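Analysis of the macromolecular model
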Amino acid sequence: MKLTLRIWRQSDREARGKMVSYKLDDVSADMSFLEVLDVLNEQLTTAGEEPVAFDHDCREGICGACGMVINGVAHGPQKLTTACQLHMRHFKDGDTIDVEPWRARAFPVVKDLVVDRGAFDKIIQAGGYISAPTGSAPDAHATPVPKPAADAAFEAAACIGCGACVAACPNGSAMLFTAAKVAHLGALPQGQPERASRAAAMLHAHDEADFGGCTNAGECTAVCPKGIPLTVIGSLNHDILGSTIRGR
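Cut-offs and rules
Residues numbered from 1 in each chain as written. Predicted model: local features only at pLDDT ≥ 70, side-chain atom pairs only at ≥ 80, totals over all residues. Heavy atoms only, no water. Axes fitted to C-alpha atoms, helices over the stretch in contact; angles between N-to-C directions. Helix = DSSP H or I, 4+ residues; strand = E, 2+ residues; numbered from the N terminus. Parallel < 35°, antiparallel > 145°, perpendicular 65-115°, else oblique. Left-handed = near helix turned anticlockwise from the far one by under 90°. Contact = heavy atoms within 4.5 Å. Nonpolar A, V, L, I, M, F, W, Y, C, P; charged D, E, K, R; others polar. Salt bridge = Lys/Arg side-chain N within 4 Å of Asp/Glu carboxyl O. Buried < 20%, exposed > 50% of the residue type's maximum accessible area, 1.4 Å probe, protein only. Phe/Tyr/Trp six-rings, centres within 6.5 Å; stacked < 30°, edge-to-face > 60°. Pairing = 2+ DSSP bridges. Core = buried A, V, L, I, M, F, W, Y, C linked by side-chain atoms within 4.5 Å. Domains from an automatic or database assignment. Buried area = accessible area lost by both parts, 1.4 Å probe. Polar contact = N/O pair within 3.5 Å; in protein donor to acceptor, adjacent residues only side chain to side chain.

As recorded in an unreviewed UniProt entry, the chain goes by the name Succinate dehydrogenase iron-sulfur subunit, listed as coming from Asanoa hainanensis.

Have a look at this one:
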């Protein structure tokens, strides 16, 4: 395939960015989107030009590092698919593809397609943990977990923290991410001691990081590569209400 990539180029946080066009020939339908960027960077490096900076790590749809907006959609056109698992068979010969970084005030651009997602770390630090006695590990069956609770926790724990929810939200909210982390621990017996305080602390960290408020637009779950449902936000609201009633 022959493709034209229009990529956001920005040298640093303070510089003005712009879209720059690059033409590629002989793109295989079996290549992943990140492999196409690799090929482009090889060409740019050979020509003595600055390669495109983009985040990546596992390239298996697990780590959440590969965050970019492709043709206006976080992670691209394929649902439940990260950018690293998006293959070129979903595009056509002659296509022009726009590639941009996450757009959110809480995710400042570092360079090109790389953004600083450190705000997520602050949310996790505020309450994404449990209290557990030190010493040897308890037996696996020492704390029974009901099957519905285990299923709910597993569904929420699938969140990889990529930030697509923030990029897609018209308010730049990270409520789906925050709620997934709260719901994951809140569904388990081990997470009950801090359940109310955890929700309040993580929501406060969310707001302090300059994320927008949630208005239930639903764009977040539509682009989430792991299919985290909006019901986790309902669980967060439940815990916040409980925290308010308890005066925490």
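What follows picks up the thread again.
What about the packing of helix α3 (residues 147–157) against helix α5 (residues 175–186)?
Axes are the key here: two packed helices are described by the angle between their axes and the distance separating the axes. At their nearest, the axes of α3 and α5 sit 8 Å apart, and the two run at 150° to each other. In terms of orientation, α3 lies roughly antiparallel with respect to α5. Crossing hand, α3 versus α5: left-handed. Between α3, through A153, A156 and A157, and α5, the contact on the second element is made entirely by A180, A183 and H184. Its residues assigned to classes, the contact of α3 with α5 comprises five nonpolar, one polar and no charged.

Here we look at the pattern of salt bridges
The tally for this structure, following the rule as stated, stands at twelve salt bridges. Of the charged contacts, one joins R198 and E194 as a salt bridge, the two residues approaching to 3.5 Å between their closest N and O atoms. With relative accessibility at 13%, the residue E194 sits in the buried group.

Some details on the packing of aromatic side chains
If you walk through the whole model with that rule in mind, you get five aromatic pairs. Consider the rings of F33 and F91, whose centres lie 6.1 Å apart with planes at 45°: the pair is tilted. Here the residue F33 occupies a position in helix α1 (residues 33–46), and F91 occupies one in the loop between β4 (73–74) and β5 (96–100), the gap between them amounting to 58 residues. Both residues of the pair, F33 and F91, belong to the buried class. Their ring planes at 90° and their centres at 5.6 Å tell us that F107 and F211 sit as a pair that is edge-to-face. Here F211 lies in the loop between α6 (195–208) and α7 (219–223) and F107 lies in the loop between β5 and β6 (109–111), a separation of 104 residues in the sequence.

Some remarks on unusual backbone geometry
Its identity is not glycine, yet D210 carries a phi of approximately 80°, on the positive side. With phi around 55°, N216 is a residue other than glycine that occupies positive phi space. Counting through the fold element by element, N216 comes out in the loop between α6 and α7.

Describing the sheet that holds β5
Overall, mixed pairing links the five strands, which are arranged β2-β1-β5-β3-β4 in an open sheet. Strands at the two margins of the open sheet, each flanked by one partner only, are β2 (18–24) and β4. Pairing of strand β3 (residues 69–70) with β4, which is carried by two bridges, proceeds in the antiparallel orientation. The residue bridging V69 from the neighbouring strand is A74, located in β4.

Comments concerning the nonpolar core
In terms of nonpolar packing, the biggest core is built from 40 residues, with W102, F107, F120, V166, L176, F211 and V232 touching the most fellow members. At seven residues, the largest contribution of residues to this core is made by α5. Split by domain, this core shows at least three residues from each of two domains, domain 1 (3–110) and domain 2 (117–132 + 143–246). Sequence-distant contacts of F120, that is, excluding residues within four places in its chain, are made with F107, G161, C162, G163, V166, A174, F177 and F211. W8, V36, M88 and V99 belong to the second largest nonpolar core, which has 27 residues in total.

Describing the domain arrangement of the chain
Examined at the domain level, the chain breaks down into domain 1 (3–110) and domain 2 (117–132 + 143–246). Placing the centre of domain 1 and that of domain 2 at their C-alpha centroids yields a distance of 28 Å. Contact residues are listed per partner, giving 21 residues for domain 1 and 19 residues for domain 2. Taken together, the two surfaces of domain 1 and domain 2 that pack against each other cover about 1,500 Å², and 61% of this comes from carbon and sulfur. Three residues, L80, A106 and F107, lead the burial of domain 1 against domain 2; their summed loss comes to 33% of the area buried on that side. Residue D210 is joined to R105 by a salt bridge in which the shortest nitrogen-to-oxygen separation is 3.1 Å. Linking domain 1 with domain 2 are seven residue pairs in polar contact (both at pLDDT 80 or more), by the criterion used here. Residues belonging to the side of domain 1 that touches domain 2 are distributed by class as follows: eleven nonpolar, six polar and four charged.

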